[in-house]
Amino acid sequence: MLENFIPPYNATVMEKFISRNAVLVGKTNMDEFAMGSSTENSAFFPTNNPWDTERVPGGSSGGSAAGIAADEAICALGSDTGGSIRQPASFCNVVGLKPTYGRVSRFGLIAFASSLDQIGPITKDVTDCALVMNAIAGHDPMDSTAVDRPVPDYTSALSNRELKGLRIGVPREYFAEGMQTGVTSAIEAAIKKLEELGAEVGRDVSLPHTKYALAAYYIIAPSEASANLSRYDGVKYGFRYPGAANAIESTEKTRQFGFGPEVKRRIMLGTYALSAGYYDAYYLKAQKIRTLIKQDFDNALQKYDALVTPTSPTTAFKMGEKTDDPLQMYLSDICTLPANIAGIPAISVPAGFADNLPVGMQLMGKAFSEETLLRIAYAYEQATDWHKRKPAL
Amino acid sequence: MDYETIIGLEVHAQLLTGSKMFCSCNANYTEAEPNSHVCPVCLGMPGVLPVINQKAVEYAMLSALALNCTVSEYTKFDRKNYNYPDLMKGYQISQYDFPIGKHGWLTIDINGNRKQVNITRVHLEEDVAKLHHEHHYSRVDVNRAGLPLMEIVSEPEISSPEEARDYLMKLHSILRYLGVSTCNMEDGSFRCDANISIRPIGCKELMAKVEVKNMNSFKAVYQALEYESRRQRKAVKEGEPIFQETRGWLDEKGETVSQRSKECADDYRYFPEPDLPPLIIDKTWIAKIKEKLPELPEARKNRFVAQYGLLLHDASVLTGSLKMADYFEECVKLAGKERAKAATTWILGDLSRLLNASGTGIGDTKVRPEHIADIIKLTGKNTISGPAAKTIIEETFHTGKSVDDIINDKDLRQVNDISEIQDLIKQAINDNPKAISDYRAGKEQALMFITGQVVKATSGRANPVAVKEILIEELGGK
Ligand SMILES: [Zn+2]
């Protein structure tokens, strides 16, 4: 749809990068309109996982994660609506942070689900992650949802290699059935490491509404997407179906041929969920669940400074393995999407391997507690060497 | 069976802000080249975000307050989804369940009967682009897209085309007083759509509701609703069904035609605009805007009656237009409060006649309040006669010359010294023996006739009162 579209403006994050003399190496591959968990929905071609080219790099920001894992650049940006930074970071053994909703300007980010989208860094280690955050975080008059709040120096959170005084919770819902055993054992080992570093780990944490997160997410995100993607009608820019007889046919055919199947599936889902007669049962109910999930996190994070979970229930899966089963594909984001629903920050850091494939540990915290997450991630990283392992390319 | 008419009006007024509703583009596009007042935001490009125009919010608050609405402390924007080539994003940012203002009212006057029409809501939204249809294709001009639009929705409580017209005129007048919109119906900065239905008197249920569009003047609104209420009554009488539909008014044909059936209600799939946090309007802000409320037409009308002793009707006409009311008060300021009635007579009489005949607005005429004040003062002092004053105002209207200059140029100074015209009076008595005998026989009008003859002989300069007095004296009293 936008293959030949060159915007006449830069995203705020790009302007911030440019003002800091960053060198743009290239644009990375991703699932079309960020809809996917494997980069197999790319409008161009799939991206392979550097750790095993038979496998997916995760998604939607799979190109960014694979590129960093393959040493093609120092850092990359991704957008995270339900896990699109963290899940590929986990699959590719790199660091990925989804900031608090409103911490980074979304201006110039092609919108998927406006109330969930956040831009964040994908880097080789936690230090680089903090440096990128220093560059991109902050208020933007062009984005009314970007919060006007001072930006700390995130690298100052990295001076402490101990975790004394920090309380970390282990929410039981994230260690349920369906998790790959290698993933669970890697994360259990990581939790032990956090304890060794001085953190007080608690296992009495429950986020009881987690089981509804996936359903709520797949109502809210497609609903917003159905409106966000309405502008691609071939009238102003991008692809236009040639030879339509009239305006209506032009719009219809442009969208029929311009969008891939997953994008069309979500537009239809969203349009349906917002329709008269269904709105209350779907969209409104999903918003109520959203409030409950937020409350779950508020409660848990009153007692704990951070929550630790696997980033993904599995390691990188084989290409084509889930393309025929959208639900299986959606389940791949089960651990990551609650943070988007609650608007809280979450980071994925390399935490070991299962069957020679990377496992990511996710840390979630209160809104605007990126510094705490970076501190824990950094201490863990310095005490392990997972992030130093490179794929054999 | 008798039927009653039920009308609800939806008015869209473009707000007179410097920039557009959600971007910083210049909102004044009237003289601009097509697509010159555009940016990525109002073009609906990927990834751009809206930012609320504070001025537009304040104008909507001001309007809501003027219309006796409650200003909501919690308001938000919503997306109204539909696809059309004039809609850049495929959705319009509007307000659904939390409008800026709600539960207001305004008072209309029909033949001296006052009626309160309730206003459901006042909300903000963005305008769409303009399509120019060519033979085989259409062109899109995006200059208008994203302009702030204020929608004012009345309750379906208007019961005749006359009431609808008066409601619109009152609303128009209020928005002009507030200075929030140019309110030009011709160029679309003040647009009106109407919902109209009929039902047997006493019946609670509404029959099929017809939406009427394309009415570009107060007269068109009146005529279209008049036509539509007749059409619906005739249909019912003849056993024809009335369809729920949208009909367009054709000015030249004087009728409405079906445009679109509305059997299935439009589904705009409203949902909260995630790109804009809810807008919280605190009490201090509301109070600050309230302070900016100017005197409104209704209050000004009542003041004119109390302060200047004007007739209610005259005060109502004068205050119907902000410019005319200001003009009147300027005249009174110059001529003195005791001459307010005379000023009214001149403004609503000769001046209005001249303005209407030439299609000139009161803000554009060469007759300035100083002219009117001079004329009133000079007629009051008998320096000029009434007919001379009429000549002067006409001359000023065309040339803009000062009253003094015209009096001098045309030698219009009234002759009050009767000795100057004694000869003319004598001649008139000689020339009109029949009138004299009529007068002596008791016919008062005969005296008026002779007086007129004398005044005429002086080209209107002789003071008729003085002439009449001397005539009576000459004719040996009554
Ligand atoms: Zn603009």
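Rules and cut-offs
Residues numbered from 1 in each chain as written. Chains lettered and ligands numbered in written order. Predicted model: local features only at pLDDT ≥ 70, side-chain atom pairs only at ≥ 80, totals over all residues. Pairing = 2+ DSSP bridges. Helix = DSSP H or I, 4+ residues; strand = E, 2+ residues; numbered from the N terminus. Buried ≥ 20, exposed ≤ 12 C-beta atoms within 10 Å, placed from the backbone. Contact = placed C-beta atoms within 7 Å. pLDDT = per-residue confidence, 0-100. Domains from an automatic or database assignment. Axes fitted to C-alpha atoms, helices over the stretch in contact; angles between N-to-C directions. Left-handed = near helix turned anticlockwise from the far one by under 90°. Nonpolar A, V, L, I, M, F, W, Y, C, P; charged D, E, K, R; others polar.

Attention now goes to the sheet that holds strand β5 (residues 91–94) of chain B. Residues and elements named next belong to chain B. Pairing is antiparallel in the open sheet, where 3 strands are placed in the order β5-β4-β15. With one partner strand each, in any of the chains shown, β5 and β15 (271–272) form the two edges of the open sheet. Pairing between strand β4 (residues 78–81) and β5: 4 bridges, direction antiparallel. Bridging across to β5, Asp78 finds its partner in Ser94.

Right, let's get into unusual backbone geometry. Here the residue pair Gly59 of chain A and Ser60 of chain A is connected by a cis peptide bond, since its omega of 10° sits within 30 degrees of zero. Note on placement: Ser60 of chain A falls in the loop between α1 (12–19) and α2 (62–69). In this model, Ala34 of chain A sits at a positive phi of 65°, which is unusual for a non-glycine residue. Structurally, Ala34 of chain A is set in the loop between α1 and α2. Ala34 of chain A gets classed as buried once you count the C-beta atoms within 10 Å, which come to 25. For Asn35 of chain B, which is not a glycine, the phi torsion comes out positive at approximately 60°. What makes Asn35 of chain B partly exposed here is the crowd of 15 C-beta atoms within 10 Å.

This next bit is on the environment of Gly234 of chain A. All names here are of chain A. In this structure, Gly234 sits in the loop between α6 (213–228) and α7 (247–258). In this structure, the C-alpha to C-alpha distance between Gly234 and Asp31, residues 203 residues apart in sequence, is 21 Å. Apart from residues lying up to four places away in sequence, Gly234 is in contact with Phe239, Arg240, Tyr241, Ser250, Thr251 and Thr254.

Turning our attention to the confidence of the model for chain B. With 98% of its residues at a pLDDT of 70 or more, chain B shows a mean pLDDT of 92. Quick note on the complex model: pTM equals 0.89, ipTM equals 0.94.

Before going further, it helps to examine the environment of Asp140 of chain A. By secondary structure assignment, the location of Asp140 of chain A is in the loop between α4 (126–136) and β4 (167–171). Overall, the presence of 22 C-beta atoms within 10 Å leaves Asp140 of chain A in the buried class.

What follows is about the domain arrangement of chain B. In terms of domains, chain B is made up of domain 1 (3–289), domain 2 (297–386 + 394–406) and domain 3 (418–474). The centre of domain 1 of chain B, based on its C-alpha atoms, is set 64 Å off from the matching centre of domain 3 of chain B.

Residues and elements named next belong to chain B. At their nearest, the axes of helix α8 (residues 340–358) and helix α10 (residues 386–399) sit 11 Å apart, and the two run at 35° to each other. In the packing of α8 onto α10, the handedness of the crossing is right-handed. In this structure, α8 contributes Asp350, Leu351 and Leu354 to the contact, and α10 contributes Lys390, Ile393, Glu394 and Phe397. Here the residues of the contact of α8 with α10 sort into 4 nonpolar, no polar and 3 charged.

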